[in-house]
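# Examination of the molecular architecture
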Amino acid sequence: MGRTQMFQYRMLFFFSVLSSVLLVIHGDNSTESSCLLRIKSLLVDPAGVLSNWSPKANMCSWNGLTCSIDQTHVLSLNLSGSGLSGLLSPEFSLFTSLQILDLSMNSLSGPIPPQFGQLQSLKELLLYSNSLSGNVPPEIGLLKGLQVLRIGDNSLTGQVPPHIGNLTELRVLGMAYCQLNGSIPLEIGNLNQLISLDLQKNSLGGLIPQAISGCVELQNFAASNNMLEGEIPPLMGNLQKLQILNLANNSLSGAIPAKLGLLSNLKYLNLLGNILSGEIPIELNQLSLLERLDLSRNNLSGTINLLTTQMKNIQVLVLSDNMLTGTIPGDFCIGTSSLWQLILARNKLSGQFPLELLNCSSLQQLDLSDNDFEGELPPGMDKLETLTDLLLNNNSFSGNLPREIGNLSNLVTFFLFDNGITGGIPVEIGKLQELSVLYLYDNQFSGNIPMELTNCSSLTEIDFFGNHFTGSIPQTIGNLKNLVFLQLRQNDLSGPVPPSLGYCNKIQKLVLADNKLSGTLPATFRFLSDVSLITLYNNSFEGPLPTSLSLLKNLRIINFSHNRFTGSISPLCGSSNLIVLDLTNNSFSGPIPSSLSMSKNLTRLRLAANLLSETIPSELGQLTNLNFLDLSFNNLTGEIPPDLSNCSGLNHLLINNNRITGTIPSWLGTLQGLGELDISCNSFQGKIPAQLGNCSRLLKLSLSGNNLFGEIPSEIGNLTSLNVLSLQKNNLSGSIPSTIQHCKKIYELRLAENFLTGAIPSELGTLTELQVILDLSKNLLSGKIPSSLGNLVKLERLNLSFNQLEGDIPPSLGRLTSLHMLNLSNNHFQGHIPSTFSGFPLSSFLGNGKLCGVPLTLCLESNPREKTQLSNTAVAGVVVAIVFTSTLICLGLIYVMLRIWCNWKNVSIASSDTGGDHKREEEKWVYGEEVMTRNVDYWKVDPLAMAPSTQDKQNPRATCIFHLKVDAETVDHSS
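Here is what the cut-offs are and how they apply
Here the residue numbers are simple positions, counted from 1 along each chain's written sequence. This being a predicted model, a pLDDT of at least 70 is required before a residue's local features are given, and a value of 80 or more before pairs of side-chain atoms are given or counted; all residues contribute to the totals for chains, interfaces and linings. Values reported for side chains reflect all heavy atoms of the structure, with hydrogen atoms and water molecules removed beforehand. What counts as a disulfide here is a pair of cysteine sulfur atoms lying within 2.5 Å. Counting from the N terminus, the helices are the DSSP runs of H or I reaching at least four residues and the strands are the DSSP runs of E reaching at least two. Relative accessibility thresholds used throughout: buried, under 20% of the residue-type maximum; exposed, over 50%; partly exposed, between the two (1.4 Å probe, protein chains only). Pairing between strands requires that DSSP locate at least two bridges from one strand to the other. Per-residue confidence from the predictor is given as pLDDT, running between 0 and 100. Contacts between residues were defined by any pair of non-hydrogen atoms, one from each residue, lying within 4.5 Å. Only Phe, Tyr and Trp rings take part, Trp by its six-membered ring, and two of them pair if their centres are within 6.5 Å. Stacked means planes under 30 degrees apart, edge-to-face means over 60, and tilted covers everything else. Think of it as a cone above the ring: NZ of Lys or CZ of Arg counts as a charge over the ring if it is within 6 Å of the ring centre and within 35 degrees of the ring normal. Candidates for patches are residues over 30% relative accessible area with no salt bridge; among them, like charges are joined within 9 Å and nonpolar side chains (Val, Leu, Ile, Met, Phe, Trp, Tyr) within 5 Å. Accessible surface is estimated by sampling points in the Shrake-Rupley manner with a 1.4 Å probe; for residues, cover comes only from the protein chains shown. Any carboxyl oxygen of Asp or Glu within 4 Å of a side-chain nitrogen of Lys or Arg constitutes a salt bridge here. To define a nonpolar core, start from buried Ala, Val, Leu, Ile, Met, Phe, Trp, Tyr and Cys residues and group those joined through side-chain atoms within 4.5 Å. Here a polar contact means two N or O atoms within 3.5 Å. Within protein one must be a hydrogen donor candidate and the other an acceptor candidate, and residues neighboring in sequence count only if both atoms are side-chain atoms.

So, about the state of the cysteines. Tallied over the full model, the rule gives two disulfides. Shown here is the disulfide that connects Cys-333 with Cys-360, its sulfur atoms set 2.2 Å apart. Taking the sign of the torsion about the S-S bond as the criterion, the disulfide between Cys-333 and Cys-360, at about 140 degrees, is right-handed. One end of the pair, Cys-333, is in the loop between β23 (325-326) and β24 (341-343); the other, Cys-360, is in the loop between β25 (348-351) and β26 (365-367), and 27 residues separate them in sequence. Residue Cys-333 is classed as buried on the basis of its relative accessible area of 0%.

And the structure:
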């Protein structure tokens, strides 16, 4: 309570005491009229309801007053809904005869005065629907004769005072829509005359007291939208007169008490939005007067065992959002039934479409969505003649949509999305004149969209997304004058957009993306004055845009990307309400219109992959709500305009693959929310500004393919959220800053094709999230590979080629088991290639003169401590030398053996020359076997030839084996 209100309240209390004294002295209605006039002076009365409250008129004639028969006392004051504001005056307590005080539905504020407890004659106190605050005064409990207390729909706080239990005559207690907390007092059970108890929409917690069973006359108990917990007291089944029980949206748990089936007068039972579990008690079938039952959004399980044959008056049955299983009971709906709303959505019900439901002849709303129903839809669905809403989505229904659907003449809403329905839409659907919403998306529908559909003149929403419709959009689509939403995305529709579509001038959202539509946009689109969203992406539209599109002033979202549009984009810049403009991957040309700056609410501007030229207009800096700017892959020139610094909310800035020049502006470092900066493949010069280190939310930084020089700023380490850093193909020099170790989230690092020098920082080994690539190739890096790189176990590609690195390949790199690309070529590595790298190709290691091992040559050991490297040619030479040497040795041994044999033979023949057996021996050779005699000339030996001649002595290289044939011939001729 403010100081001003507190002062006013104290003054009112003072006047109250003073008036009480005067009332005791005078004791007539002049005192009550004076009090009322003072009360009037403190109220604001914009409607003049109190205008006749005047000393000149009789008090009993004043508006809102009812007096006693003798007109001396006020019995009733009713100023309900009079538009009054101000504080409740304590002086009301002076009206000792007052029986009814009704100040409801005004704008009164402040607390309820505790002095109200002095109104001993009061029977009805109605203060609901005001702006009263503070606690409920316990003095209310002094009003012994009070029968009606309604103080809800205020800003009252604190607990429900237990003194309420003293009001034993109370029949109506309303404290709903306040901010009361605490628990329901046990003393509430003392109110044995209470008929209605309304405590809903507060912050009451704790248990529902068992004592409430003492309210034996209770007919209405509403405590929904609180924080009550625990179980529902079974003793509530003793409240035989209860007609309404609403405990929805609390935290009640446990099973539904079977004793609730004893509430024979119950008409309304709402337990939705709790955490009740177990099965639905079959005893609820005894509630023959029950009209509405809502058990949705709990954890109930088991099968549905409620039968309309016993609950004959049931009109609304809502069991959605539970875990119910099984099918609908066979005798669920036999004979006449009053059931008009059946909601079974989001359970685990299964089986075929329940044919039992076709007997529910009064059914208007049927929701079986999000279950496990399957099979075909029955042709007999047209028995549900009164059906207005049919929701069968998110099941596994299959087969064709029966043509009998066209007989549901009252159907307004039809949801069949997320099923497996095949075939075409039956032409009979055109008979549904009341149909307003038709959602068939995510099925397997095929064929043409029937022209008869355009006879459904009440249609406001059509969604056919994700089917296989072919052919063209019906030429008569313009007949659907009430159409607000048309979604035909992701089908196989072809041909041009029919001009009649422009006559659906109530359309707000038009989605034709992901089809095979072609041709130019019809000029009739200018009549779509209410359209706020048009998406045509991934089609084959072509040609320039109609200039009349600039008349569509309500456009908020435009996506024409991935088409073949040409010409200027100016026709799409006419709406100042634009939020998203995406024209990516077309053939738009010319400059970016400066008129885009009129769309002050533009957040996403994507013009990539077009033929746009000239400079980036400085007027784009007026788009202060812009968070995504993509101008990449165009022919833009000039520098980045400094006005873009006004777009402080930019998250994505993509200007890559253009012909932008100049230096990288340092003001980019002021874009604190920047998450992606890609200005690669341009002609930027100069150094990388250190201010980029201020972009702490940056996830991707790509400056590659420019003419940047100088060192990589150490401030790059401030980008602790960075995932991708690409600085390759520049003229950067100096060493790799060790501060990069702070970029712990980086998974792609490209620094190739620069002039970086020095050693690879060992700190790179701490970047354990590196996965996509680490590319340091084509630099001037030297030194050894840090063994810490073996910690990058997620790394898939490592390229250190074309540097001046040296030393052994660290064995720790063998831990890089995720590598599928490795290039260490053209360095000065030596020693063994780790065996874990044997599967990589030869090209991964070439250009390292002292490196050996698979897939290069084998490594040979020259001594226990030193290994000698041999080339393939050297190895081959060694092998040839060994073979040649072995051959010579073998030939030499043969020569020595023959020479020894020849000398031995000569000595043997000479010793037998005098024995006279030569003739016989010769005849043996001559007359021997036929085979041998054929070679006798070859084998005849002159005994004299065995002795060396003078000529032989002169030719020491001559041997006996070379003379065998010659001597044999000589002997032959001499004979």
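Here we have seven strands laid out as an open sheet, ordered β37-β39-β41-β43-β45-β47-β49, and parallel in their pairing. A strand with exactly one partner marks an edge of an open sheet, and here the two such strands are β37 (494-495) and β49 (635-637). As judged from the two bridges shared by strand β43 (residues 564-567) and strand β45 (residues 587-590), these two strands associate in the parallel manner. Within the sheet, the bridge partner assigned to Thr-566 lies in β45 and is Ser-587.

Turning next to the confidence of the model for the protein. For the protein, the average pLDDT comes to 88, and 86% of its residues sit at 70 or higher. Confidence drops under a pLDDT of 50 for residues 12-28, and excluding neighbours within four residues, the segment shows 25 contacts in the predicted structure. Ignoring residues within four places in sequence, the model shows residues 904-975, a span with pLDDT below 50, making 40 contacts including any to other chains.

The next thing to look at is the packing of aromatic side chains. The full count for this structure, using the stated rule, is 16 aromatic pairs. Ring centres of Trp-53 and Trp-62 lie 5.4 Å apart, and the angle between their planes is 25 degrees; this geometry places the pair in the stacked category. The residues Trp-53 and Trp-62 share a single accessibility class, namely buried. Ring centres of Phe-92 and Phe-116 lie 6.0 Å apart, and the angle between their planes is 85 degrees; this geometry places the pair in the edge-to-face category. Here Phe-92, found in the loop between β4 (85-87) and β5 (100-102), pairs with Phe-116, found in the loop between β6 (107-110) and β7 (124-126); they are 24 residues apart in sequence, far enough to count as distant. On the basis of relative accessibility, which here comes to 4%, the residue Phe-92 falls in the buried class. Taken together through their ring pairs, the aromatic side chains of Phe-415, Phe-417, Tyr-439 and Tyr-441 make up a single cluster. A cation sits over an aromatic face here: Arg-150 above Tyr-128, 4.1 Å from the ring centre.

Ordered in space as β23-β25-β27-β29-β31-β33-β35, the seven strands form an open sheet in which the pairing is parallel. The open sheet has two edge strands with one neighbour each: β23 and β35 (468-470). Of the pairings in the sheet, the one linking strand β31 (residues 420-423) to strand β33 (residues 444-448) comprises two bridges and is parallel in character. Within β33, the residue paired with Thr-422 across the bridge is Gln-444.

Before going further, it helps to spend a moment on the pairing of strand β41 (residues 540-544). Judged from the two bridges that link them, strand β39 (residues 516-519) and β41 form a sheet pairing that is parallel. Considered in β41, the bridge of Ser-518 is made with Ser-540. When β41 meets β43, the two strands line up parallel, connected through three bridges. Bridging across to β43, Glu-542 finds its partner in Arg-564.

Turning our attention to a nonpolar patch on the surface. There is a patch of nonpolar side chains on the surface, built from Leu-888, Leu-891 and Ile-894 and spanning about 290 Å² of accessible area. Turning to its location among the elements, Leu-891 is positioned in helix α3 (residues 872-911). Relative accessible area serves as the criterion here: at 52%, Leu-891 is assigned to the exposed category.

Moving on to the nonpolar core. Residues Leu-149, Phe-221 and Phe-414 are the most contacted members of the largest nonpolar core, which totals 241 residues. Those elements giving two or more residues to this core turn out to be α2 (29-41), β2 (65-67) and β3 (74-78). Tallying contributions element by element places α2 first for this core, with three residues. Counting ten residues, the second largest nonpolar core, distinct from the first, contains Phe-415, Tyr-441, Phe-485 and Val-511.

Here the focus is unusual backbone geometry. Of note, the amide linkage connecting Val-854 to Pro-855 takes the cis form, showing an omega dihedral of 10 degrees. Position of Pro-855 among the secondary structure elements: in the loop between β65 (850-852) and β66 (859-863). A positive phi is found at Lys-201, a non-glycine position, where the angle reads about 60 degrees. Looking at where Lys-201 falls in the secondary structure, it is placed in the loop between β12 (196-198) and β13 (205-206).

Here we come to the side chain of Asn-202. With respect to the helices, strands and loops of the structure, Asn-202 is situated in the loop between β12 and β13. A polar side-chain atom of Asn-202 sits 3.3 Å from the main-chain amide nitrogen of Cys-178. For Asn-202, the side chain forms a polar contact with the main-chain oxygen of Leu-199, separated by 3.0 Å. Leaving out residues up to four positions away in the same chain, Asn-202 has contacts with Met-175, Ala-176, Tyr-177, Cys-178, Gln-179, Leu-180, Asn-225 and Asn-226.

Okay, the side chain of Asn-246 next. Take Asn-246: it is sitting in strand β16 (residues 244-246). For Asn-246, a relative accessible area of 11% puts it in the buried group.

Our next topic: the pattern of salt bridges. One pass over the full model with this rule turns up ten salt bridges. Here Glu-91 makes a salt bridge to Arg-38, at a shortest N to O gap of 2.8 Å. Placement of Glu-91 in the loop between β4 and β5 and of Arg-38 in helix α2 is noted, with a sequence separation of 53 residues between them. Owing to a relative accessible area of 26%, Arg-38 belongs among the partly exposed residues under this scheme. Where Glu-676 meets Lys-700, a salt bridge forms, and the shortest distance between an N and an O atom there is 3.9 Å. Note that Glu-676 is positioned in strand β51 (residues 676-678) and Lys-700 in strand β53 (residues 700-702), a separation of 24 residues in sequence. Salt bridges here are not isolated pairs; linked through shared partners, they connect Asp-321, Arg-346 and Asp-370.

With that out of the way, let us pick up the environment of Leu-239. Tracing the sequence through the fold places Leu-239 in the loop between β15 (227-230) and β16. Remark: the alpha-carbon pair of Leu-239 and Leu-263, spanning 24 residues in sequence, is separated by 6.7 Å. In this structure, Leu-239 is in contact with Ile-212, Ser-213, Cys-215, Val-216, Leu-218 and Leu-263, ignoring residues within four places of it in sequence.

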